[in-house]
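Analysis of the macromolecular model
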Amino acid sequence: MSTQEKSLQDIQNKKLLPNKGLINGQWLASSASSGNSTFDVVDPATLDVLATLPEMDKHDTATAVDAAFEAFKSFKKTTARQRARMLRKWSDLCHENAEDLALIMTLENGKTLAESKGEVVYGASFLEWFATQAEMVHGEVVPPANLNQRIVTFKQPIGVAACLSPWNFPIAMITRKCGAALAAGCTTVWKPAGETPLSALALAVLAEEAGFPRGSINVITSLTTVAEVGEELCRNPKVHKLSFTGSTRVGKLLMQQCSSTLKKLSLELGGNSPFIVFDDAKMSTALDAAILAKFRNSGQTCVTANRVFVQAGIYDEFAKQLTERIKKLKVGAGTDSDTFVGPLTHERAVKKAMSHIDDAKKHGGQVVYGGGPMGDIGLKGYFFQPTVITCMKQEMLTTREETFAPVVGLYKFETEEEVIELANDCDVGLGSFVITENMARSWRVAEALEVGMVGVNLGMLSACESPFGGVKGSGFGREGGTQGINEYLVVKSMLINVAN
Ligand code: SIN
């Protein structure tokens, strides 16, 4: 029996729960223009309402953009060192409030407290990272062909940045975008996912405390108005940059809407990561990496191991040992310290996982463990059995779509060439994993995979120093790394006549 052992009452720093949107330094309840409407934030483990927030609309969004636009006039003149100090202070405050931030995240997202704590540290690492990057921004002195000229370039913040972040990483996806934007000298309008806005609001409270000025951070809370809010951010000419993490379908729509104002875009869209285990892999490394890549966040990461390809020589042994390990994973409330797999964040994820399992069975897949929602565990939420399916085939639905649930499907392959072809037979390319003890092979395969990121002998691609992003239908632009800040900068060149 699992129980929800904690609630928002257990938050020590009550300031972290403003339950309002943030525009121009004012914490605002719902506006008259939106009919004073509100929405509920629900705990996916219990289905209890955690909080009721203003359902902000396009007018609120336009007001937030105006505030960010005005704030940009002075914020762009702050020095990189001043911004770096604020980012470091913000990071320190995240660490100081880590227990509270993690509990808020677990309650609204469902992930385990251990994972939430890990995400707070990961999220804060982007603030520290971009604090260092802020002071590294520099231009060039370019040798001129015309000796009467001198040419220099410098980089400037692009302007107001709209940051649209997903529910699966309620803190880290905000700091990865906004940390970079603020480091560059941009002001921001955040649109966190309607399922997990409480983490974003808590983060904004700490950003204010860290000294970010009025209007530099604005937060729009919205669930059912998401389409009009998104469209306003895309079409508003005062927004110069839009960064979105979410589905390929929505990414394409936002890109269309942004075309009228030719905004600079970063799109981190859907993935369908191949996880490739070669015969020469160390079994314990392969198992550890597979469990992490597939079951972290209950399978709800953009880089989850969606297609697990195992070479024929170890296929049966890998399937057997993986199943044994998976049988031991405890499913339950994220607040329960024994839990490894929390609830799914949405009911629709349960339906999608079931449709993938049914489709696999129809095409000859063998469900060797799990296979559906959990039975009664004393909580009403969206709990799903960790599931293993063998005999997966290319024609199955899971080959083309992300499952976003704790369901692992094993495909058998014979040769390196074959698996590269299978892995690349996909319209998206975000993450990938290669498990092998052969270093030459890891290089060959990494170079051949059509993806933005390759993990070798590990199950997680998260590191603030490493650029995160994809190719093909997974979008473009990079977050984190030395590239991340450039997404919020423009290069200006200056040509000087030095003739007498
Ligand atoms: C994602 O799923 O988009 C983020 C994963 C990560 O940064 O680890």
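What comes next concerns the included structure. (Residues numbered from 1 in each chain as written. Predicted model: local features only at pLDDT ≥ 70, side-chain atom pairs only at ≥ 80, totals over all residues. Heavy atoms only, no water.)

Here we take up the overall build of the protein chain. A tally of regular secondary structure across the protein chain gives 14 helices and 22 strands. Its C-alpha atoms give the protein chain a radius of gyration of 23 Å, within 12% of the compact-globule value 23 Å for 500 residues. A principal-axis box enclosing the C-alpha atoms of the protein chain has dimensions of 75 × 60 × 40 Å. Considering only residue pairs separated by 6 or more positions, the protein chain has 75% of its internal contacts joining residues 24 or more positions apart. (Helix = DSSP H or I, 4+ residues; strand = E, 2+ residues; numbered from the N terminus. Rg over C-alpha atoms; globule rule 2.2 N^0.38 Å. Contact = heavy atoms within 4.5 Å.)

Working note: α-helix, 3.6 residues per turn, so residues spaced by three or four point in the same direction. For helix H1 (residues 58-75), with 18 residues, the first-to-last C-alpha span of 25 Å sits near the 26 Å given by 1.5 Å per residue. Here H1 has its buried residues at Asp-60, Thr-61, Ala-64, Val-65, Ala-67, Ala-68, Ala-71, Phe-72 and Phe-75. The arc that holds every buried residue of H1, seen down its axis, measures 165°, which confines them to one face. In this structure Asp-57 caps H1, since a side-chain oxygen of it lies 3.0 Å from the backbone nitrogen of His-59. (Expected span 1.5 Å × (residues − 1). Buried < 20%, exposed > 50% of the residue type's maximum accessible area, 1.4 Å probe, protein only. Arc of directions from axis to C-beta. Polar contact = N/O pair within 3.5 Å; in protein donor to acceptor, adjacent residues only side chain to side chain.)

A separate point is the site of the ligand. Every residue close to the ligand is listed here: Tyr-122, Asn-168, Phe-169, Met-173, Arg-176, Glu-268, Arg-296, Thr-301, Cys-302, Ser-462 and Phe-468. Here Tyr-122 contributes a side-chain N or O atom positioned 2.7 Å from an oxygen atom of the ligand. Contact distances for the ligand include 3.2 Å between an oxygen atom and a side-chain N or O atom of Arg-296. In isolation the ligand offers 260 Å² of accessible surface; the protein chains occlude 100% of this area. At a threshold of 2 Å from the grid points, most atoms of the ligand map onto the largest cavity. For the shell around the ligand, the residue count by class is 5 nonpolar, 3 polar and 3 charged. Each of two domains, domain 1 (3-269 + 476-491) and domain 2 (273-463), supplies a minimum of three residues to the shell around the ligand. (Near = heavy atom within 4 Å. Areas by Shrake-Rupley, 256 points an atom, 1.4 Å probe, with all protein chains shown as cover. 1 Å grid on protein atoms, 1.4 Å probe; cavity = no way out; pocket = protein on both sides within 12 Å on 5 of 7 lines; lining within 4 Å. Sits in = over half its atoms within 2 Å of the grid points. Nonpolar A, V, L, I, M, F, W, Y, C, P; charged D, E, K, R; others polar. Domains from an automatic or database assignment.)

Turning our eyes to something else, we now look at the layout of surface pockets. Quantified by volume, the largest pocket comes out at close to 1200 Å³. Trp-167, Gly-246, Ser-247, Val-250 and Arg-348 are, among the 40 residues lining the largest pocket, the residues nearest its centre. Those elements that place two or more of their residues in the lining of the largest pocket are helix H7 (226-235), strand S10 (239-245), helix H8 (248-258) and helix H11 (347-362). Looking at the lining of the largest pocket element by element, the count peaks at 6 residues for H8. (Points joined across faces, edges and corners; volume = space filled by probe spheres on them.)

Further remarks concern the packing of aromatic side chains. By the definition in use, this model includes 8 aromatic pairs. Centroid distance Trp-167 to Phe-404: 5.9 Å. Interplanar angle 90°. Geometry classified as edge-to-face. One end of the pair, Trp-167, is in the loop between strand S7 (160-164) and helix H5 (172-184); the other, Phe-404, is in the loop between helix H12 (397-400) and strand S16 (407-413), and 237 residues separate them in sequence. With 5.6 Å between their ring centres and 40° between their planes, Phe-275 and Phe-433 make a pair best called tilted. (Phe/Tyr/Trp six-rings, centres within 6.5 Å; stacked < 30°, edge-to-face > 60°.)

Okay, the sheet that holds strand S5 (residues 140-142) next. With antiparallel pairing, the 3 strands of this open sheet are ordered in space as S5-S6-S22. Edge strands, defined here as strands with exactly one partner in the open sheet, are S5 and strand S22 (489-497). The mean inter-strand angle of the sheet, taken between neighbouring strand axes irrespective of direction, is 25°. Of the pairings in the sheet, the one linking S5 to strand S6 (residues 149-157) comprises 3 bridges and is antiparallel in character. Within S6, the position partnered with Val-142 by the bridge is Ile-151. (Pairing = 2+ DSSP bridges. Axes fitted to C-alpha atoms, helices over the stretch in contact; angles between N-to-C directions.)

Under the definition given, this model contains 4 cavities of 30 Å³ or more. Estimates place the volume of the largest cavity at around 110 Å³. Lining the largest cavity we find 14 residues, and of these Phe-169, Met-173, Arg-176, Arg-296 and Phe-468 sit closest to its centre. In the lining of the largest cavity, the residues fall into 7 nonpolar, 4 polar and 3 charged. In this structure, the lining of the largest cavity is formed jointly by two domains, domain 1 (3-269 + 476-491) and domain 2 (273-463), each of which donates at least three residues. Approximately 60 Å³ is the volume attributed to the second largest cavity. As for the second largest cavity, its lining consists of 14 residues, of which Pro-274, Arg-307, Val-428, Gly-429 and Val-451 are closest to the centre.

Before going further, it helps to spend a moment on the pairing of strand S12 (residues 273-277). The buried count for S12 comes to 5 of 5 residues, which makes it a mostly enclosed element. Burial along S12 is two-sided: Ser-273, Phe-275 and Val-277 facing one way and Pro-274 and Ile-276 facing the other are all buried. The pairing of S12 with strand S13 (residues 305-311) spans 5 bridges and is parallel. Within the sheet, the bridge partner assigned to Phe-275 lies in S13 and is Val-308. Bridge count between S12 and strand S18 (residues 433-435): 3 bridges; the pairing is parallel. Each bridged residue has a counterpart across the sheet, and for Val-277 the counterpart in S18 is Ile-435.

Below, the discussion takes up the nonpolar core. One finds Trp-90, Cys-94, Trp-190, Phe-212 and Ile-217 to be the most contacted residues of the largest nonpolar core, which totals 67 residues. Looking at this core element by element, the count peaks at 10 residues for helix H4 (residues 113-134). The residues touching Ile-217, leaving out its near neighbours within four places in the chain, are Leu-22, Trp-90, Leu-182, Thr-188, Trp-190, Ala-204, Ala-207 and Phe-212. Ranked by size, the runner-up nonpolar core spans 39 residues in total, among them Val-303, Val-310, Leu-329 and Leu-461. (Core = buried A, V, L, I, M, F, W, Y, C linked by side-chain atoms within 4.5 Å.)

On to the packing of helix H2 (residues 80-96) against helix H6 (residues 197-209), then. To characterise two packed helices, one gives the angle between the axes of the helices and the distance between these axes. Two elements in contact, H2 and H6, have axes separated by 8 Å at closest approach and are oriented at 130°. Classified by the interaxial angle, the pair formed by H2 and H6 is oblique. Crossing angle aside, the handedness with which H2 passes H6 is right-handed. In contact with Trp-90, Leu-93 and Cys-94 of H2, H6 contributes Leu-203, Leu-206, Ala-207 and Glu-209. (Parallel < 35°, antiparallel > 145°, perpendicular 65-115°, else oblique. Left-handed = near helix turned anticlockwise from the far one by under 90°.)

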